[in-house]
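Read off the chains here:
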Amino acid sequence: MNEAAKTLDGWYCLHDFRTINWPAWKMLPAEDRQEILNEYITMLEDWNTTEKAGNGSHAVYTVVGQKADIMFMLLRPTMEELNEIENAFNKTRFAEFTIPTYSYVSVVELSNYMAGDSDEDPYQNPHVRARLYPELPKAKHICFYPMDKRRDGDDNWYMLPMDSRREMMRSHGMIGRSYAGKVKQVITGSVGFDDWEWGVTLFADDVLQFKKLVYEMRFDEVSARFGEFGSFYVGNILTEENLQSFFNI
Ligand code: 76R
């Protein structure tokens, strides 16, 4: 019997990580830098218009540490639109001063582990819709990492009966809920799209809450026995107000 969890799938998601080529940026005359920033700001305004119209969302953060300098999280209704904004960005002059370091392709996902029995179409439920097509929070901090569920000997998540998985996911959800109001999570599924099974994106105004939440989950069975994790990225919001100072030389 196929016991795959049923998923609800929302907007497609691209996490795009870049380092800035600061030496090249510094070589530019100040007027050129400003012109390039203006072009970049125009692109952001387009993204804002899309977000206001409810046709997608985006988040821009600077990344702390050497894995990247800046990251974009982009949500769009189709994979084509995601690819279009990626290409449009790559054609800007600003992109010439960035070096891609990592990217992650996925789709916003909700699973039915915690869902009750109901005949209603979940895609019509406003609470479900708000999570499948979220406006990303303008939180001060972001944390992103990809993860898998282990498939190793007795610790094979995919061989467990639905009931055992549901039980573990309930415990997972309870820990998660205790961070309500402190951390907002967006789980994106990437089986068939990228190298890991899920992307985990967390938003918080208090950066320490990421460490507390992720650490607490490490002791919970679903993470302790079955969680395998990729690289972690943590960053600070890059608002349009602090753009100038970030790029100022
Ligand atoms: O969707 C829901 O809110 C219902 C409960 C729930 C599900 C089904 C939930 C709640 N998560 C679900 C699924 Mn989660 N989550 C992670 C991580 O670092 C780690 O150890 C794990 C990374 C965090 C930090 C986190 C946070 N969750 C999933 C899935 C898909 C699993 C599958 O289908 O097999 C993954 C990979 C995953 C991973 N989770 C919550 C949180 C938080 C904060 C909540 C509470 C949300 C809320 O109630 O508002």
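Residues numbered from 1 in each chain as written. Predicted model: local features only at pLDDT ≥ 70, side-chain atom pairs only at ≥ 80, totals over all residues. Heavy atoms only, no water.

- In the nomenclature of an unreviewed UniProt entry, the protein chain corresponds to Coproheme decarboxylase from the organism Alkalihalophilus pseudofirmus.
- Quoted straight from UniProt, the Function (unreviewed entry) entry for the protein chain says "Involved in coproporphyrin-dependent heme b biosynthesis. Catalyzes the decarboxylation of Fe-coproporphyrin III (coproheme) to heme b (protoheme IX), the last step of the pathway. The reaction occurs in a stepwise manner with a three-propionate intermediate."
- In UniProt, the protein chain has this text filed under Pathway (unreviewed entry): "Porphyrin-containing compound metabolism; protoheme biosynthesis." (UniProt positions renumbered as here; feature names shortened; annotations may be inferred.)

**What to know about the UniProt feature "active site" (unreviewed entry) in the protein chain**
Item 1. Here the UniProt feature "active site" (unreviewed entry) sits at Tyr145.
Item 2. Once you skip the residues sitting within four places of it in the chain, Tyr145 turns out to touch Trp198, Gly199, Val200, Leu202, Val214, Phe229, Ser231 and Phe232. (Contact = heavy atoms within 4.5 Å.)

**What to know about the site of the ligand**
Item 1. For the ligand, the set of nearby residues contains 23 residues, the closest of which are Tyr145, Lys149, His172, Arg177 and Ser223.
Item 2. In the model, a nitrogen atom of the ligand is placed 2.9 Å from a nitrogen or oxygen of the His172 side chain.
Item 3. Listing elements by their share of the shell around the ligand, those giving two or more residues are strand S5 (141-149), helix H5 (162-177), strand S8 (184-189), strand S9 (198-204) and helix H6 (208-218).
Item 4. Its residues assigned to classes, the shell around the ligand shows 14 nonpolar, six polar and three charged. (Near = heavy atom within 4 Å. Polar contact = N/O pair within 3.5 Å; in protein donor to acceptor, adjacent residues only side chain to side chain. Helix = DSSP H or I, 4+ residues; strand = E, 2+ residues; numbered from the N terminus. Nonpolar A, V, L, I, M, F, W, Y, C, P; charged D, E, K, R; others polar.)

**Considerations on the packing of H5 against H6**
Item 1. In contact at an axis separation of 10 Å, H5 and H6 are set at 155° when each is read in the N-to-C sense. Taken together, the axes of H5 and H6 lie roughly antiparallel to each other. Handedness of the crossing formed by H5 with H6: right-handed. Touching His172, Ile175 and Gly176 of H5 are Leu213, Glu216 and Met217, all from H6.
Item 2. Tallied by class, residues from the contact of H5 with H6 come to three nonpolar, two polar and one charged. (Axes fitted to C-alpha atoms, helices over the stretch in contact; angles between N-to-C directions. Parallel < 35°, antiparallel > 145°, perpendicular 65-115°, else oblique. Left-handed = near helix turned anticlockwise from the far one by under 90°.)

**Remarks on the layout of surface pockets**
Item 1. A volume near 200 Å³ is recorded for the second largest pocket.
Item 2. Lining of the second largest pocket is provided by 15 residues; of these, His58, Val60, Lys138, Leu238 and Glu240 occupy positions nearest its centre.
Item 3. Mapped onto the lining of the second largest pocket, the elements with two or more residues apiece are helix H2 (30-52), strand S2 (57-63) and helix H8 (240-247).
Item 4. With four residues, the single largest contributor to the lining of the second largest pocket is S2. (1 Å grid on protein atoms, 1.4 Å probe; cavity = no way out; pocket = protein on both sides within 12 Å on 5 of 7 lines; lining within 4 Å. Points joined across faces, edges and corners; volume = space filled by probe spheres on them.)

**With respect to the coordination of the manganese atom of the ligand**
Each donor-metal-donor angle in an ideal tetrahedron of four donors is 109.5 degrees, and each such angle in an ideal octahedron of six donors is either 90 or 180 degrees.
Item 1. Just one protein atom donates to the manganese atom of the ligand; it is His172 (NE2), sitting 2.2 Å from the metal.
Item 2. Topologically, His172 is positioned in helix H5. (Donors = N, O, S within 2.8 Å, 3.2 Å for Na, K, Ca; no water.)

**Examining the side chain of Asn156**
Item 1. By the secondary structure assignment, Asn156 is in strand S7 (residues 155-156).
Item 2. A relative accessible area of 15% means that Asn156 is categorised as buried.
Item 3. Dropping the residues within four chain positions of it, Asn156 is found in contact with Arg150, Arg151 and Phe226. (Buried < 20%, exposed > 50% of the residue type's maximum accessible area, 1.4 Å probe, protein only.)

**Observations regarding empty space enclosed by the protein**
Item 1. Within this structure, the stated rule accounts for one cavity of 30 Å³ or more.
Item 2. Leu14, Asp16, Trp47, Phe72, Leu74, Ile85, Glu86 and Phe89 together form the lining of the largest cavity.
Item 3. No other element matches the three residues that helix H3 (residues 79-90) contributes to the lining of the largest cavity.
Item 4. For the lining of the largest cavity, a count of residues per class yields six nonpolar, no polar and two charged.

**With respect to H2**
One full turn of an α-helix is made of 3.6 residues, so residues set three or four places apart face in the same direction.
Item 1. Taking 1.5 Å as the rise per residue, H2 with 23 residues should run 33 Å; its terminal C-alpha atoms sit 32 Å apart, in good agreement.
Item 2. Those residues of H2 that sit buried are Arg33, Ile36, Leu37, Tyr40, Ile41, Met43, Leu44, Trp47, Asn48 and Glu51.
Item 3. Looking one or two residues past H2, Gly54 carries a phi angle of roughly 75°, positive in sign. (Expected span 1.5 Å × (residues − 1).)

**Quick look at the nonpolar core**
Item 1. Residues Tyr40, Trp47, Val60, Ile70, Phe72 and Phe247 are the most contacted members of the largest nonpolar core, which totals 24 residues.
Item 2. Among the secondary structure elements, those contributing two or more residues to this core are strand S1 (7-20), H2, strand S3 (70-76), H3 and H8.
Item 3. Top contributing element to this core by residue count: H2, with seven residues.
Item 4. Residues within four places of Trp47 in sequence aside, it is in contact with His58, Val60, Phe72, Leu74, Arg76 and Ile85. (Core = buried A, V, L, I, M, F, W, Y, C linked by side-chain atoms within 4.5 Å.)

**What to know about the UniProt feature "binding site: Fe-coproporphyrin III" (unreviewed entry) in the protein chain**
Item 1. According to UniProt, the "binding site: Fe-coproporphyrin III" (unreviewed entry) feature falls on Arg131, Tyr145, Pro146, Met147, Asp148, Lys149, His172, Gln185 and Ser223. Taken together, the annotated residues stretch across 93 residues and extend over separate regions, lying up to 22.6 Å apart by C-alpha.
Item 2. Considering the arrangement of structural elements, one finds Asp148 in strand S5.
Item 3. Residue classification places Asp148 among the buried residues on the basis of a relative accessible area of 16%.
Item 4. Asp148 has contacts with Trp196, Glu197, Trp198, Phe226, Gly227 and Glu228, leaving out every residue within four places of it along the chain.
Item 5. Within the local environment of Asp148, its side chain forms a polar contact with the backbone nitrogen of Glu197, the two atoms lying 2.8 Å apart.
Item 6. You can see Gln185 is positioned in strand S8.
Item 7. Beyond its immediate sequence surroundings of up to four residues, Gln185 is in contact with Arg131, Thr201 and Leu202.

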